[in-house]
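Below are the chains, spelled out letter by letter.
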Protein chains: 2
Amino acid sequence: MALDNRKKEVLQAIVDDYVANCEPVGSKALIDRHDFMVSSATLRNDMAELEQMGYLEKPHTSAGRIPSDKGYREYVDSLMKVDKLSDEEGKEIKEKLSVSFDEIASLLKAASSALADQTGYISLAMTPKLTSSYLTQLKMLMIEPGKVLVVVVLSAGVVKNRMVRIPDFLTQEQIAQIGNAVERGLSGLPLSEISLITVATAAKDNQKVELPDSLLNQVLYEAYTAIKQADNLDVYMQGKHRMLSLPEFSDTKRAQGLFDTLSHDGLVAGYVDEVTKQDEKKEYMIRIGQEITLEGLDECSFITTTYNVGGKVAGNIGVIGPKRMEYSKVISQINFVRMMLDEKLKQP
Amino acid sequence: MALDNRKKEVLQAIVDDYVANCEPVGSKALIDRHDFMVSSATLRNDMAELEQMGYLEKPHTSAGRIPSDKGYREYVDSLMKVDKLSDEEGKEIKEKLSVSFDEIASLLKAASSALADQTGYISLAMTPKLTSSYLTQLKMLMIEPGKVLVVVVLSAGVVKNRMVRIPDFLTQEQIAQIGNAVERGLSGLPLSEISLITVATAAKDNQKVELPDSLLNQVLYEAYTAIKQADNLDVYMQGKHRMLSLPEFSDTKRAQGLFDTLSHDGLVAGYVDEVTKQDEKKEYMIRIGQEITLEGLDECSFITTTYNVGGKVAGNIGVIGPKRMEYSKVISQINFVRMMLDEKLKQP
DNA sequence: TTTAGCACTCGGGAAGATAGAGTGCTAAAC
DNA sequence: GTTTAGCACTCTATCTTCCCGAGTGCTAAA
């Protein structure tokens, strides 16, 4: 059975009211707050049917209804209208993102913080996915004898560095040359194709320094781990503790379950990755309540979208909030931030 | 009036019991759990006096007693005995700290995570204080035309870098030379004495590159901000959400107040700094409940100590837990971690 | 100074009563 | 067939009352 027009309106009104007040919505309250041209009894009938179809639930017999996961799903899929961001809000976000960004990391931090402030929920920003990036530069900089800073630059504007130890009689020149050799051999190569072996051959093909193999290998190993480490997704997450003020997390156990999961950056990043693949064609992905396979997030909804670097699919930004979130507002906010990122990262 | 021996024992026993159970301690429970050779009536008298002296409080008339801030203070100052860490625990910590650390940052992260795991409370590790550090190196590395990575190395082993923009017709050689010139002029100088002017004179005295002043100044300005930015204390904090499982934070409002304050790294760092100065001569500093002037921490206790780099006073590590914390255990844990840090950072 | 004894206090949990919001159903009206 | 008024019913949340028991403070005796 399909939803007739009035049922759609009823469902929409219930979601709206519940989002606003976090209290089960009854037929009378619905009449009071909305301009339905029918009586409460009629709404009661509709609500009963909506419940039977699985869009609504009752916390207990004599309470109002609350949306089920399916109800929220219907709401975001076909009922809500995503309105444009207000001009002021757009301006606010723009301001927050107008940091002079010279590394993508600082821009993402700003984006995450803007999203958290603006939505009032938990925000998320992830560095570009490694699968889409390749090595552009590798610099080795001697800080003091025996200590070298390896700077790895990836195509998407990601810069990572790592301090490593090497035998302390190697000179700055030797080190720099090895770095250059590796860079020459590997730049342009996707990270997935870089292995200890490719690093070694690159170095040996390109370098002129005379060094015993064992010594050279030691340095190359460090270079290799530095490159591999640049692989790691960085996750910027903000606004976690704001969830404590929501009624759905007034139970500390539940809040703790949420925080426990969120403290594992890797888990969250992995989930985002997986889900983004599933919803590849969509502009944004939304997961509601039990649809989220992460532990402790079954009272939450999760919205992410993908930003581009140099016009190509890159990393993700997102928001985690209660199921009872202001979907249309959050979506327009997240969209706006994404557009700003795309704009700022246009030239590769 | 001074505390006679039995009163001391009573206070100590009450603190111990309350720490263990988070329940007000009555005279009878005290008798049951400890070997006092007197009757409960006698203890009642003692407890009444201890209350009058301000060491104990009653949540309400007919409950047991709980320690007041003053009571805890007396406890940590003269009653508890700090016992040595068990061998296993020492081993565990040692293992967690046996990361190959090449930057002080990663060692501090490991220290903070070990402390959080081991104590079960919130841990804190801060990079060395800037007042005690001076510039040792400044490298400028061209990543691509117009983009330069400025690497700042400080005496205490702190390495920071920052990407900056410069006019894009400058060459790697020019940039590197300017960096070298500034390094030559400023290395060994305390950060506090470095200003835009000293940077400029250093560069002009030492460099040979011919560049128009306005251009040079632009680069120098970026170098200067990079140095100044290295100034910032980094704070590593872990284990926050563990507090949610403590009964004293079952009220989400309270937890939120705590988290709100803790999310401002600067606030906490500033407080630690201030308090460390006050307790300069002591091995560790302890602040209990209301003694802590940070908002939201009045149900907490705060213990910090100072680690050394190259034998000189450097940064702080610490633990924030409930007032009802296992002081002696935490102190021995924190001390152990500090000793490990000192050991690892012995050679400058 | 210590102790036994006892009356008193107070919080917290159990039990019961009540109000009110909301429901589902029936039968009449449109 | 759909809508509506009316009504009995259900269930929670709240308030009151009551009582238990842990704990106290005081007194008087050891």
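Residues numbered from 1 in each chain as written. Chains lettered and ligands numbered in written order. Predicted model: local features only at pLDDT ≥ 70, side-chain atom pairs only at ≥ 80, totals over all residues. Heavy atoms only, no water.

(A) Expanded view of the sheet that holds strand β9 (residues 300-309) of chain B. Residue and element names in this part refer to chain B. Ordered in space as β7-β3-β10-β9-β8, the five strands form an open sheet in which the pairing is antiparallel. In the strand order of this sheet, the two ends are held by β7 (235-238) and β8 (284-288), each with one partner. Pairs of neighbouring strands in the sheet enclose a mean axial angle of 15°, with direction left out of account. In terms of strand pairing, β8 meets β9 through five bridges, oriented antiparallel. In the strand pairing of β9, Arg287 is matched with Phe302. Of the strands in this sheet, β3 (122-126), β7, β8, β9 and β10 (312-322) touch helix α11 (residues 265-278), which is tilted by about 75° from β9. (Pairing = 2+ DSSP bridges. Helix = DSSP H or I, 4+ residues; strand = E, 2+ residues; numbered from the N terminus. Axes fitted to C-alpha atoms, helices over the stretch in contact; angles between N-to-C directions. Contact = heavy atoms within 4.5 Å.)

(B) View of the relation of the copies chain A and chain B. Turning chain A through 180° and shifting it by 0.0 Å along the axis lays it on chain B, with an RMSD of 0.1 Å. The operation mapping one copy onto its partner corresponds to a two-fold rotation axis. Relative to the rotation axis, the closest C-alpha in chain A is found at Thr252 of chain A, a distance of 3.4 Å. Mapped onto chain B, 100% of the interface residues of chain A again fall at the interface, so both copies present the same surface. (Least-squares fit on C-alpha atoms with pLDDT ≥ 70 in both.)

(C) Quick look at the protein's contact with DNA strand D. Every one of the 21 residues lining DNA strand D counts as a neighbour, but Ser39, Thr42, Thr61 and Ser62 of chain A together with Ser27 of chain B are closest to it. The contact atoms of DNA strand D, taken as those within 4 Å of the protein, divide so that sugar and phosphate hold 76%. Between Ser27 of chain B and DNA strand D, the recorded distance is 3.0 Å, taken from a side-chain N or O atom to a phosphate oxygen. Those elements giving two or more residues to the surface near DNA strand D turn out to be α3 (40-52) of chain A together with α3 (40-52) of chain B. For the surface near DNA strand D, the leading source of residues is α3 of chain A, giving four residues. A breakdown of the residues in the surface near DNA strand D according to their chemical character gives five nonpolar, 11 polar and five charged. (Near = heavy atom within 4 Å. Polar contact = N/O pair within 3.5 Å; in protein donor to acceptor, adjacent residues only side chain to side chain. Nonpolar A, V, L, I, M, F, W, Y, C, P; charged D, E, K, R; others polar.)

(D) Here's a closer look at the pairing of β3 of chain B. Residues and elements named next belong to chain B. Among the five residues that make up β3, five are buried, leaving the element largely enclosed by the rest of the structure. Residues Ile122, Leu124 and Met126 line one face of β3 and the alternating positions Ser123 and Ala125 line the opposite face, and both faces are buried. Inspection of the sheet shows β3 paired to β10 by four bridges, in the antiparallel sense. What sits directly across from Ala125, in β10, is Ile317. (Buried < 20%, exposed > 50% of the residue type's maximum accessible area, 1.4 Å probe, protein only.)

(E) Representation of the interface of chain A and chain B within the structure. At the interface, 30 residues of chain A touch 30 residues of chain B. Counting each side, the surface lost to burial between chain A and chain B is near 2600 Å², with a carbon and sulfur contribution of 58%. Here chain A is connected to chain B by five residue pairs in polar contact (both at pLDDT 80 or more). Elements with a minimum of two residues in the side of chain A that touches chain B: β4 (135-144), β5 (147-154), β6 (159-165) and α10 (252-262) of chain A. Among the elements that take part in the side of chain A that touches chain B, β4 of chain A stands out by supplying six residues, more than any other. (Buried area = accessible area lost by both parts, 1.4 Å probe.)

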